[in-house]
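Residue strings, one per chain:
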Amino acid sequence: EETSGSDKYVLTDKPTWTIDPIDGTTNFVHRLALSCVIISYVVKKEVLVGVVYDPLADELFWAVKGKGAFLKRGGISAPIYVSDTETI
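Computed from a prediction, not measured in an experiment: that's the story for all the values here. (Residues numbered from 1 in each chain as written. Predicted model: local features only at pLDDT ≥ 70, side-chain atom pairs only at ≥ 80, totals over all residues. Heavy atoms only, no water.)

## Side note on the overall build of the protein
Of regular secondary structure, the protein possesses one helix and six strands. Secondary structure elements in the protein, listed N-terminal to C-terminal, are β-α-β-β-β-β-β. A compact globule built from 88 residues would reach a C-alpha radius of gyration of about 12 Å, whereas the protein, at 15 Å, exceeds it by more than 25%. Looking at the protein as a whole, 9% of its 88 residues qualify as buried. Partitioning the intrachain contacts of the protein with sequence separation of at least 6 by distance along the chain shows that 16% fall at a separation of at least 24. For the protein, the computed accessible surface area is about 7400 Å², with 61% contributed by carbon and sulfur atoms. Between the centroid of the 9 positive side chains of the protein and the centroid of its 12 negative side chains there is a distance of 8 Å. (Helix = DSSP H or I, 4+ residues; strand = E, 2+ residues; numbered from the N terminus. Rg over C-alpha atoms; globule rule 2.2 N^0.38 Å. Buried < 20%, exposed > 50% of the residue type's maximum accessible area, 1.4 Å probe, protein only. Contact = heavy atoms within 4.5 Å. Areas by Shrake-Rupley, 256 points an atom, 1.4 Å probe, with all protein chains shown as cover. Lys, Arg positive; Asp, Glu negative; His and termini not counted. Charge placed at Lys NZ, Arg CZ, Asp CG, Glu CD.)

## Considerations on the pattern of salt bridges
Per the counting criterion, the structure on display carries two salt bridges. Between E46 and K65 there is a salt bridge, with its nearest N and O atoms 2.0 Å apart. Here the residue E46 occupies a position in strand β3 (residues 46–54), and K65 occupies one in the loop between β4 (59–64) and β5 (68–73), the gap between them amounting to 19 residues. Residue classification places E46 among the partly exposed residues on the basis of a relative accessible area of 36%. K65 gets classed as partly exposed once you look at its relative accessible area, which sits at 49%. R73 serves as the salt-bridge partner of E59, at 2.7 Å between the closest nitrogen and oxygen. Taken together, the residues span a long stretch of sequence, with E59 in strand β4 and R73 in strand β5 at a distance of 14 residues. (Salt bridge = Lys/Arg side-chain N within 4 Å of Asp/Glu carboxyl O.)

Remember, this is a structural readout, not a statement about activity or role.
Printed below as a string of structure tokens:
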């Protein structure tokens, strides 16, 4: 979303960690509770692990390719699933 400086980062096939320390920077600056930390592990331009932490809600979401997605809230971890709803 936001970048600093004039350097561009090029994603290669090499194993790479990506970190967005404050996703939703504008919300964070204006003290809106809509920002989080995002971390991913990418190999050959494919995300293998993704982690999202919402510090204000104290919720940790993570997914591992082929292993599912999970949510930790209030000290309890549980799998989460995609809804089968096709229309709203």
